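What follows is each chain in one-letter form.
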Amino acid sequence: MKLRQRLIVSISLVTGVSLTGAFVGVSALFELAQHRSFDEALIAVAKSEAREVSRFHFRFSERPGPAMSDVGPLNNFGVIYGEDGAVLTASAPFEGAPPDLRRIPHTRLVPFDLPRPSLPLRAVLTEIPGAKGKLMLIAASRADLDASAAFLHKAMLVAL
């Protein structure tokens, strides 16, 4: 192999590896920022709902969820658990099969993924102030979050 060919191969490899590294870094930072923003909005909604839910006889308000895109606010889904872990009330899609509180090993106000067969959710568990032992689970769809990440990955692959 001639010097010119080796130089072209070397420069192509270095450029490819550098671009790939840059795209992976940008993608990771973008996803981290999106998750952080989504989680902050979800925690804010959970705190707000927790403060108000006892005034509504442990029912959820009709207020829209956190705004995560130009499309508008997301729908909130929730479950209120009694002192013994029994479900007091649940909104769609939890009405038929709410998550078992014993299977939610997460600490209060720390967002986590709640896998559902047809609708992946991001959720947070919080205590209800003034209602000893009652807990509330607030969740929102991850669809916009996942769609944004998928679009970014496709765009970067095309650019690469």
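Located above this text is the structure these notes cover.
Residues numbered from 1 in each chain as written. Predicted model: local features only at pLDDT ≥ 70, side-chain atom pairs only at ≥ 80, totals over all residues. Heavy atoms only, no water.

1. Examining the overall build of the protein chain
Piece 1. A tally of regular secondary structure across the protein chain gives 2 helices and 7 strands.
Piece 2. In the protein chain, the succession of α and β elements from N to C terminus is α-β-β-β-β-β-β-β-α.
Piece 3. A total of 160 residues make up the protein chain; the buried ones form 36% of that total.
Piece 4. Expressed as a percentage of contacts within the protein chain between residues at least 6 apart in sequence, the contacts between residues at least 24 apart total 51%.
Piece 5. Per element, the accessible surface of the protein chain, about 10000 Å² overall, is 61% carbon and sulfur. (Helix = DSSP H or I, 4+ residues; strand = E, 2+ residues; numbered from the N terminus. Buried < 20%, exposed > 50% of the residue type's maximum accessible area, 1.4 Å probe, protein only. Contact = heavy atoms within 4.5 Å. Areas by Shrake-Rupley, 256 points an atom, 1.4 Å probe, with all protein chains shown as cover.)

2. Concerning helix H1 (residues 3-52)
Piece 1. Between its terminal C-alpha atoms H1 stretches 73 Å, which fits the 74 Å expected from 50 residues at 1.5 Å a residue.
Piece 2. By the burial criterion, the buried members of H1 are Ser27, Phe38, Asp39, Leu42, Ile43, Val45, Ala46, Ser48, Glu49, Ala50 and Glu52. (Expected span 1.5 Å × (residues − 1).)

3. Quick notes on the packing of H1 against helix H2 (residues 143-159)
Piece 1. At their nearest, the axes of H1 and H2 sit 11 Å apart, and the two run at 165° to each other. The pairing of H1 with H2 is recorded here as roughly antiparallel in orientation. At the point where H1 passes H2, the crossing takes the right-handed sense. Counted together, Phe23, Val26, Ser27, Phe30, Glu31, Gln34, His35 and Phe38 of H1 and Leu145, Ser148, Ala149, Leu152, His153, Met156 and Ala159 of H2 form the full contact between these two elements.
Piece 2. Per-class residue counts for the contact of H1 with H2 are 9 nonpolar, 5 polar and 1 charged. (Axes fitted to C-alpha atoms, helices over the stretch in contact; angles between N-to-C directions. Parallel < 35°, antiparallel > 145°, perpendicular 65-115°, else oblique. Left-handed = near helix turned anticlockwise from the far one by under 90°. Nonpolar A, V, L, I, M, F, W, Y, C, P; charged D, E, K, R; others polar.)

4. Some words on the sheet that holds strand E7 (residues 135-141)
Two strands in a sheet stick together by hydrogen bonds in their backbones, pointing the same way (parallel) or opposite ways (antiparallel).
Piece 1. The 5 strands are arranged E4-E3-E7-E6-E5 in an open sheet whose pairing can be described as antiparallel. Either end of the sheet is taken by a strand with one partner, and the two such strands are strand E4 (87-90) and strand E5 (112-114). Averaged over all adjacent pairs, the angle separating strand axes in this sheet is 30°, with direction ignored.
Piece 2. Sheet topology note: the strand E6 (residues 121-127)/E7 ladder contains 7 bridges and is antiparallel. Residue Val124 lies in a different strand from E7, and its bridge partner there is Ile138. (Pairing = 2+ DSSP bridges.)

5. Considerations on the nonpolar core
Piece 1. If you look at the biggest cluster of nonpolar residues, it comprises 15 residues, and the most contacted ones within it are Phe38, Leu42, Ile80, Val124, Ile128, Met136 and Ile138.
Piece 2. Counting residues per element, this core draws most heavily on H1, at 6 residues.
Piece 3. Grouped together as the second largest cluster of nonpolar side chains are 14 residues, Phe77, Phe112, Leu114 and Leu121 included. (Core = buried A, V, L, I, M, F, W, Y, C linked by side-chain atoms within 4.5 Å.)

6. Overview of the environment of Leu125
Piece 1. If you trace the backbone, Leu125 turns up in strand E6.
Piece 2. Once residues lying within four places of it in the same chain are set aside, the contact partners of Leu125 are Leu101, Ile104, His106, Thr107, Arg108, Leu109, Phe112, Leu135, Met136 and Leu137.

7. Quick word on the pairing of E7
A regular strand carries its side chains on alternate faces of the sheet.
Piece 1. Counting buried positions along E7 yields 7 of 7 residues, so the element is predominantly enclosed.
Piece 2. Every second residue of E7 is oriented toward a common face, with Leu135, Leu137, Ala139 and Ser141 on one face and Met136, Ile138 and Ala140 on the other, all of them buried.

8. Brief notes about H2
Piece 1. Over its 17 residues, H2 extends 24 Å from the first C-alpha to the last, a length consistent with the 24 Å expected when each residue adds 1.5 Å.
Piece 2. Buried within H2 are the following residues: Leu145, Ala149, Leu152 and Met156. For H2, the angular spread of buried residues about the axis comes to 60°, placing them on one side. Turned more than 90 degrees away from the buried face of H2 sit Phe151, Lys154, Leu157 and Val158, all of them exposed.
Piece 3. Buried residues belonging to H2 abut H1. (Arc of directions from axis to C-beta.)

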